[in-house]
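Chain and residue survey
The chain contents come next:
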Amino acid sequence: MDIYVVATSIMVMGLIIAIGATLAFKVEITTEIKHVLILIILNIAVPSIILNGVFNTEVTTQLLHQVVIIFGLSVIFHLGALLFAWILSRALRFESTFAKKMTILAALGNTGFIGIPLCATIFGPVGGLLAAIFDAGLDIVLFSVVIYMLQSEKRFQFSQLKALINLPLLAIIIGLTAVITGVEPPQFMKQLTSMLSALAAPLAMLYIGMLLPPLFQKRGFLFYKQIWFPLGVRLLIIPIVTMLIISLLPLDYLVSNIVIILSAMPTIMLATVLFARYSNDEELAVITTVYSTLLSLLTIPFIAFIVSLLY
């Protein structure tokens, strides 16, 4: 892994976050503005990264093998991360309901909103594609096991799985179908997805930056006393443990590096939405997500540096 490329990418993302924060000081960022940005990022830019990865990558048996491997690793990784964080939280004697929240905030990373654009930047189109496959594995765990955890005594309903049907997942299905059937997309489609895929990273960072001033203006510079747990586990302990385990597995260089980078992502932004809906504790998720994202600008290059020494 090229530490210079990772550090440069993170530095640029940090600067764009600062630009977003500056805009939020100058202009009121309404709910409608945030909604439009999320729609563009998740429903246009991220699917374009996926399709651009398919359209600009020579599809080989090796690539299809990598897709299967990284999807399986993703499901195992996220289930293992939840179990690991849960054991730690209970060992620290967190109250049961609070322990579940700490587990989710510590175990699940922002592999879609930040991870896919970052991997596309570092590893090229195929990196974005494989990161999207990894994120699909997270979605399955998120909308099944995690929602079940948050609902406490409520029963799990299969209707909750409808959230799995989204445009990024459809882009994966369309792209892989085109590969399997041998359909060659027209040139204008390749150019369109290439241009739109470039929107993902800057818009995602602008959005994160826009969240900062309103949060601090309304609530002050907030912490909660256990915030060290999700930040430390998510940004350092899980990536380091992942790195050690991956080093023992017979995986190729690209898959290994993508999994390690994605394991170092900050707390998943969807935690805010899920906590607001299922636990009435949105502020806990907002505070953790914001600080996790800002600290990840330092910890991701650190993890990449360690990887560069070991591989």
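For the structure, see preceding data.
Attention in this report is confined to the structure presented alongside it. Treat the numbers as computed from the prediction; the structure is a model and nothing was measured. (Residues numbered from 1 in each chain as written. Predicted model: local features only at pLDDT ≥ 70, side-chain atom pairs only at ≥ 80, totals over all residues. Heavy atoms only, no water.)

Structural notes on the overall build of the protein chain
From N to C terminus, the protein chain includes 13 helices and 0 strands. Counting from the amino terminus, helix and strand elements in the protein chain follow one another as α-α-α-α-α-α-α-α-α-α-α-α-α. Taken over C-alpha atoms, the radius of gyration comes to 19 Å for the protein chain, in line with the 19 Å a tight globule of 311 residues would show. When the backbone C-alpha atoms are referred to their principal axes, the protein chain occupies close to 55 × 50 × 45 Å. When burial is assessed residue by residue, the protein chain has 53% of its 311 residues classed as buried. The contacts in the protein chain between residues at least 6 apart in sequence include a share of 85% that link residues at least 24 apart. (Helix = DSSP H or I, 4+ residues; strand = E, 2+ residues; numbered from the N terminus. Rg over C-alpha atoms; globule rule 2.2 N^0.38 Å. Buried < 20%, exposed > 50% of the residue type's maximum accessible area, 1.4 Å probe, protein only. Contact = heavy atoms within 4.5 Å.)

Quick look at the packing of aromatic side chains
As enumerated under the stated definition, the model contains 4 aromatic pairs in all. Residues phenylalanine 77 and phenylalanine 134 carry aromatic rings whose centres are separated by 5.8 Å and whose planes lie at 50 degrees to one another, so their mutual orientation is tilted. Taken together, the residues phenylalanine 77 in helix 3 (residues 61-91) and phenylalanine 134 in helix 6 (residues 125-150) connect sequence positions 57 residues apart. Summarising the burial analysis for this pair, phenylalanine 77 and phenylalanine 134 share the class buried. (Phe/Tyr/Trp six-rings, centres within 6.5 Å; stacked < 30°, edge-to-face > 60°.)

Side note on unusual backbone geometry
Look at arginine 93: it is not a glycine, yet its phi comes out positive at around 65 degrees. Assessed through its relative accessible area of 75%, arginine 93 is described here as exposed.

Some points on the packing of helix 5 (residues 111-123) against helix 6
Between helix 5 and helix 6, the least distance of the axes is 6 Å, while the angle of their chain directions is 155 degrees. The angle between the axes of helix 5 and helix 6 places the two elements in the roughly antiparallel class. Where helix 5 crosses over helix 6, the two elements pack in a sense that is right-handed. Every residue of helix 6 that contacts helix 5 at Thr111, Gly112, Gly115, Ile116, Cys119, Ala120 and Phe123 is listed here: Pro125, Val126, Gly127, Gly128, Ala131, Ala132, Phe134, Asp135 and Leu138. Class assignment for the residues of the contact of helix 5 with helix 6 results in 10 nonpolar, 5 polar and 1 charged. (Axes fitted to C-alpha atoms, helices over the stretch in contact; angles between N-to-C directions. Parallel < 35°, antiparallel > 145°, perpendicular 65-115°, else oblique. Left-handed = near helix turned anticlockwise from the far one by under 90°. Nonpolar A, V, L, I, M, F, W, Y, C, P; charged D, E, K, R; others polar.)

Topic: the environment of threonine 288
Relative to the helices and strands, threonine 288 resides in helix 13 (residues 282-310). Along the primary structure threonine 288 and phenylalanine 123 are separated by 165 residues, whereas in three dimensions their C-alpha atoms are 28 Å apart. When neighbours within four sequence positions are excluded, threonine 288 is seen to be in contact with Leu105, Tyr224, Pro230, Leu231 and Thr267. In this structure the side chain of threonine 288 is engaged in a polar contact, spanning 2.8 Å, whose partner is the backbone oxygen of leucine 284. (Polar contact = N/O pair within 3.5 Å; in protein donor to acceptor, adjacent residues only side chain to side chain.)

Quick word on a nonpolar patch on the surface
Nonpolar side chains collect at one region of the surface, where Phe84, Leu236, Ile237, Ile240, Val241, Leu244, Ile245, Leu249 and Phe302 lie side by side and expose about 710 Å² of accessible area between them. No other element matches helix 10 (residues 228-247), which puts 6 residues into the nonpolar patch. Here leucine 236 shows up in helix 10. On the accessibility criterion, leucine 236 (34% relative accessible area) is partly exposed. (Patch = residues over 30% accessible without salt bridge, like charges linked within 9 Å, V, L, I, M, F, W, Y side chains within 5 Å. Areas by Shrake-Rupley, 256 points an atom, 1.4 Å probe, with all protein chains shown as cover. Salt bridge = Lys/Arg side-chain N within 4 Å of Asp/Glu carboxyl O.)

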